[in-house]
Amino acid sequence: MGSAWALLAGLALAPGVTLADGDAAPAETGEPSSQDGATGGGLTLPEALAAAFSDGQAAQIADLEARRSVDVAGEERSAYLPRASITSNAGYNNRWDEKLEAIDDAGVQRTYGLSSIASDEGWFNVYLDQLLVDLATWQRIERAQLEAEAAALAREHEREIVAFEVLERFAEALRQERLARLAAERLAGMERLDHQAGLLLNAGRTRPSDREQVALLLEEARVEASLRASDAQSARASLGVVMGRSASAAPERLDATTLPDTSAGGGVEPDVTASPELRVLDLRRKAEEKGIAVARAGHLPTVAVRGGYSHYGVKRYDNYPDAVRVGVNVDVPLFQGLKNEYAIEGAAKSAEIARLRYRQVLETRRARVRELAQRLDAGSQMPSLAERRAAVARERLRLAELSLRADRTGLDETLSALAEHVREGRAAIDAPIDRVLLWGQIRRETGTLARSLAVAQASDAAPAQSQD
């Protein structure tokens, strides 16, 4: 490796071997260039988020679950709506001709069919049922309504998860694109160095082993550039999957200017109970408490009313052909083998578990948000510091190369400057991306990420509309 870098000094010192015009090594930097959307253009973050909400599978599943819970609540409420039914028992009976003859109080002889005496079910029946009093059903209806509200909030929570996943994959795609360009710039520089090494070898100014070492470094740069390009394509494909697209329909360009501005710090609301996840847990706690009321209502009577009409068909003889009935059904539970007592105890334990789970998540969420906010505020200067360090590293590398060509310094200092430049260049790429992800984690924990991105989209669209 040392002899290969000694070639770099020989490029300037060897007579007749000079760098061609336009062969100057590109300035390697970790700062985003205009090609990655820093000046606008390409897929924006709000567009990716909107696509994920409308076409993404996770958002669609959450929406279906919320609507399904509304159907379940409607099914519970239907218990207090009237119920009508029609039945038919028409058919053949081999005892139709069996008769009973009797004399009534007026001395008139009557003939009755034996097969249908005292029958409640006729050939044709119409029933109308209405539940009047059932407190257990009322409590189940209220519990189903709470579950429907919880499912709607769970949809909001899923949208927060989807929003963070879109933000994470969007930022990661930008990171990989910048790293891929950095690798491509290094490859171009190594190709120019390889060309000059061939000239030095032809001029007898270097050894074949040194020429081979440069060729190996060039191959390594090609492999790295290929891997970085593949990683960038994979990152864009992952973003496309979250958006509900196929891997072949991955976005080609991303607009880096639509990333959220994190310079203002956390700006976190102190009350994290507005988070959809915590609100869901609170509703689930209330639903479990309703379960206690449902179990206790098992000791109470139920009241219902039923009316019906029956027609008894042919072969009635002197029996009445039809009948209308109206009745009140009362069910008073006296003893059910301690079933309700066990149900009440079990419901009380479920409610206590729900209360403890809510408190646990609440305290954990508060501590997590406090920690993330402190990290975000403490690292507010990290992106600018990383850019400044990268600029200093570039300058040090430039001076080290000039000193090496002038034979005023050694190879170790140049290699140290090069390693520092590579390290600081990557840090300048990572610092702003990591800060955006940290900002997104805080907003996700507080349940405000999707709303914050929507507000940012509206504020960006307002100046554009005013210019129009």
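Notes on the structure in this doc start here. (Residues numbered from 1 in each chain as written. Predicted model: local features only at pLDDT ≥ 70, side-chain atom pairs only at ≥ 80, totals over all residues. Heavy atoms only, no water.)

Looking only at helices and strands, the protein features 10 helices and 6 strands. Counting all 468 residues of the protein, 39% fall into the buried class. Here the contacts in the protein between residues at least 6 apart in sequence split such that 83% fall between residues at least 24 apart. As displayed, the protein has an accessible area near 25,800 Å², and 53% of this comes from carbon and sulfur atoms. (Helix = DSSP H or I, 4+ residues; strand = E, 2+ residues; numbered from the N terminus. Buried < 20%, exposed > 50% of the residue type's maximum accessible area, 1.4 Å probe, protein only. Contact = heavy atoms within 4.5 Å. Areas by Shrake-Rupley, 256 points an atom, 1.4 Å probe, with all protein chains shown as cover.)

Across a sheet, paired strands are connected by hydrogen bonds in the backbone, their directions being either parallel or antiparallel. Reading across the sheet, the 4 strands line up as S1-S4-S5-S6 and stay open at both edges, with antiparallel pairing between neighbours. The open sheet terminates on both sides in strands that have one partner only, identified here as strand S1 (83-88) and strand S6 (322-331). Within this sheet the neighbouring strands show an average axis-to-axis angle of 15 degrees, counted without direction. Sheet topology note: the strand S4 (residues 124-133)/strand S5 (residues 302-311) ladder contains 9 bridges and is antiparallel. Bridging from a neighbouring strand, Leu128 pairs with Gly307 of S5. (Pairing = 2+ DSSP bridges. Axes fitted to C-alpha atoms, helices over the stretch in contact; angles between N-to-C directions.)

Another aspect to go through is the pairing of S5. In terms of strand pairing, S5 meets S6 through 10 bridges, oriented antiparallel. Paired with Ser310 across the bridge in S6 is Ala323.

Before going further, it helps to spend a moment on the side chain of Gln139. Here Gln139 is to be found in helix H4 (residues 135-202). A relative accessible area of 18% places Gln139 in the buried class. Among residues more than four places away in sequence, those in contact with Gln139 are Lys290, Ala293 and Val294.

All right, on to the environment of Ser263 then. Following the sequence through the fold, Ser263 ends up in the loop between helix H5 (208-242) and helix H6 (276-296). A residue is classified by how much of its surface remains accessible, and Ser263, at 54% relative accessible area, is exposed. Separated by 114 residues in the primary sequence, Ser263 and Asp377 place their C-alpha atoms 9.0 Å from one another.

Turning to unusual backbone geometry, a few remarks are in order. Positioned with a positive phi, Leu338 is a non-glycine residue whose angle comes to about 65 degrees. Following the sequence through the fold, Leu338 ends up in the loop between S6 and helix H7 (339-378). Residue classification places Leu338 among the partly exposed positions, given a relative accessible area of 40%.

The subject of this paragraph is the packing of aromatic side chains. Counted by the stated rule, this structure contains 1 aromatic pair. For Arg444, the ring lying beneath its charged end belongs to Phe164, and the centroid distance is 4.2 Å. (Phe/Tyr/Trp six-rings, centres within 6.5 Å; stacked < 30°, edge-to-face > 60°. Lys NZ or Arg CZ within 6 Å of the ring centre and 35° of its normal.)

Let us look at a nonpolar patch on the surface. On the surface, Val328, Val330, Val332, Leu334, Phe335, Leu338 and Tyr342 cluster together into a nonpolar patch covering about 850 Å² of accessible area. Within the secondary structure, Val332 is located in the loop between S6 and H7. (Patch = residues over 30% accessible without salt bridge, like charges linked within 9 Å, V, L, I, M, F, W, Y side chains within 5 Å. Salt bridge = Lys/Arg side-chain N within 4 Å of Asp/Glu carboxyl O.)

It is worth spelling out the packing of helix H2 (residues 45-55) against helix H3 (residues 57-77) at this point. At a minimum axis distance of 5 Å, the contact between H2 and H3 shows a crossing angle of 45 degrees. One finds that H2 runs oblique with respect to H3. In terms of crossing hand, the pair formed by H2 and H3 is right-handed. Where H2 abuts H3, its residues Ala52, Phe53, Ser54 and Asp55 lie against Gln57, Ala59 and Gln60. Taken together, the residues of the contact of H2 with H3 break down into 3 nonpolar, 3 polar and 1 charged. (Parallel < 35°, antiparallel > 145°, perpendicular 65-115°, else oblique. Left-handed = near helix turned anticlockwise from the far one by under 90°. Nonpolar A, V, L, I, M, F, W, Y, C, P; charged D, E, K, R; others polar.)

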